[in-house]
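Residues per chain are reported as follows:
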Amino acid sequence: MERLPKRQRQQQLAKAIEDNPFITDEDLTKLFQVSIQTIRLDRLELGIPELRERMKQMAEQSYDQVRSLPLHEVIGEVIDLQLDKSGISMFEIREEHVFSRTKIARGHHIFAQANSLAVALINDQVALTAAADIRFVRSVKLQEKCIAKAYVRSISKGKAKVEVVTYVGEEVVFQGNFTIYHSSKDSGKDRHEGGEHHADRD
C-alpha cells in the first residue's frame, strides 16, 4: 500500500475504526504502513480513544445488566449486551490460555467465552447450558483477540437457542449452537447437564 497524505490517511483511519471498533493500533500500523507513534498521534488529533477506552464506551452506551450470572464469571470483556437478543464479548489470548510449546489456545477457553456469553444473554436469574453443538474452525494463537457475537435465535418458556460465532479479525474461528434452559416456567424439571463436557478435547 502506497503511503497516503496525512489528511487522507486520517480519514481512512477513522473509517477503519468505525467499521471495526475492535481494531488495534498494531493492526492499523500494518494497514497504513506507518509507525505506531504515527497511529497514536492520528487518533489523538481525531479525538479517537484507544481500544480499551472504545470498548468501555461501547459497553456504557449499550448494556443491559446480566441476570443469570455475576459479570466477572463471563469469560472475556462484555462489550454489548441486549438481554434475550444479542451480545458481544472480547477475549485476548494470553500465556495462561495457551499450550506452552505451540502457543495455541486451549480449546476450553474458546468454548468458555462463547458458552458464558450465551448464558449471560438470557434474561433470567437461573440459566444453564443443556447442550452445545460446537465447531472449532481454526486454531487461535497467543495475543490474538477473539470477538464472540451471540444471537438468541429462539426463546420459549424454559428454553432458548443461542448461536455464537467467534472471530479473530474477519476470520471465523469458532461456531456454536447452544440450548440454554432457564427457570421460567420450566415445570420444575432438572434438565441441565452443565454444558462443559460437550467441549472438544484440547
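Rules used throughout
Here the residue index of a chain counts from 1 through its sequence in written order. Two thresholds apply to this predicted model, a pLDDT of at least 70 for residue-level local features and 80 or more for giving and counting side-chain atom pairs, whereas whole-chain, interface and lining totals are computed over all residues. Remark: hydrogens and water are excluded; side-chain values derive from all non-hydrogen atoms of the structure. Here, nonpolar core refers to any group of buried Ala, Val, Leu, Ile, Met, Phe, Trp, Tyr and Cys residues whose side-chain atoms link them within 4.5 Å. Each residue is placed in one exposure class: buried if its accessible area under a 1.4 Å probe, protein chains only, is under 20% of its type's maximum, exposed if it is over 50%, and partly exposed if it falls in between. Secondary structure elements are defined from DSSP: runs of H or I of at least 4 residues count as helices, runs of E of at least 2 residues count as strands, and each element is numbered from the N terminus. In what follows, a contact means two residues having at least one pair of non-hydrogen atoms within 4.5 Å. With axes taken as lines fitted to C-alpha atoms, and helix axes fitted only over the stretch in contact, angles between N-to-C directions fall between 0 and 180 degrees. Here roughly perpendicular refers to angles of 65 to 115 degrees, roughly parallel to angles under 35, roughly antiparallel to angles over 145, and oblique to all remaining angles. Any residue that is not Ala, Val, Leu, Ile, Met, Phe, Trp, Tyr, Cys, Pro, Asp, Glu, Lys or Arg is counted as polar, Gly included; the first ten are nonpolar and the last four charged. Here a Phe, Tyr or Trp ring, Trp counted by its six-membered ring, pairs with any other such ring whose centre lies within 6.5 Å, and the pair is stacked when the planes are under 30 degrees apart, edge-to-face when over 60, and tilted otherwise. Cation placement over rings: the criterion is NZ of Lys or CZ of Arg within 6 Å of the ring centroid and within 35° of the ring normal.

Q: Explain the nonpolar core here, please?
A: Among soluble globular proteins, nonpolar side chains are generally buried collectively. Counting 35 residues, the largest nonpolar core has I93, V140, V162, V164, F174, F178 and I180 as its most contacted members. Counting residues per element, this core draws most heavily on helix α5 (residues 107-120), which supplies seven residues. Residues in contact with I180, not counting those within four places in the same chain, are A118, V119, I122, A127, L128, T129, G158, K159, A160 and V162. In terms of nonpolar packing, the next biggest core, distinct from the first, is built from nine residues, I23, L28, F32 and I39 among them.

Q: Sorry, what's going on with unusual backbone geometry here?
A: Note: most peptide bonds trans; most residues except glycine with negative phi. One non-glycine residue, Q33, lies in positive phi territory at about 55°. The class for Q33 is partly exposed, based on a relative accessible area of 41%. Although it is not a glycine, K103 adopts a positive phi angle of roughly 60°. The residue K103 is located in the loop between β2 (86-92) and α5 in this model. Classification of K103 as partly exposed rests on a relative accessible area of 32%.

Q: What's the story with the packing of helix α2 (residues 25-32) against helix α3 (residues 36-46) in this structure? I'm lost.
A: Where α2 contacts α3, the two axes come as close as 9 Å, and the packing angle between them is 105°. Taken together, the axis directions place α2 and α3 in an arrangement best described as roughly perpendicular. Contacts between α2 and α3 involve D25, E26, L28, T29 and F32 from the first element and I36, I39, R40 and R43 from the second. Residues belonging to the contact of α2 with α3 are distributed by class as follows: four nonpolar, one polar and four charged.

Q: I would appreciate a short explanation of the packing of aromatic side chains in the present structure.
A: Any two aromatic rings considered together are summarised by their centre-to-centre distance and by the angle between their planes. As enumerated under the stated definition, the model contains two aromatic pairs in all. For the ring pair F111 and F178, a centre distance of 5.8 Å and an interplane angle of 45° mean the geometry is tilted. On the criterion of sequence distance, the pair formed by F111 in helix α5 and F178 in strand β6 (residues 171-182) is long-range, its members being 67 residues apart. Judged by its relative accessible area of 0%, F111 falls in the buried class. Between F136 and F174 the ring centres are 5.2 Å apart and the planes differ by 65°, which places this aromatic pair in the edge-to-face class. Separated by 38 residues along the polypeptide, F136 in strand β3 (residues 127-136) and F174 in strand β6 bring together distant segments of the chain. The positively charged end of K149 is found above the aromatic ring belonging to Y167, 5.4 Å away from the centroid.

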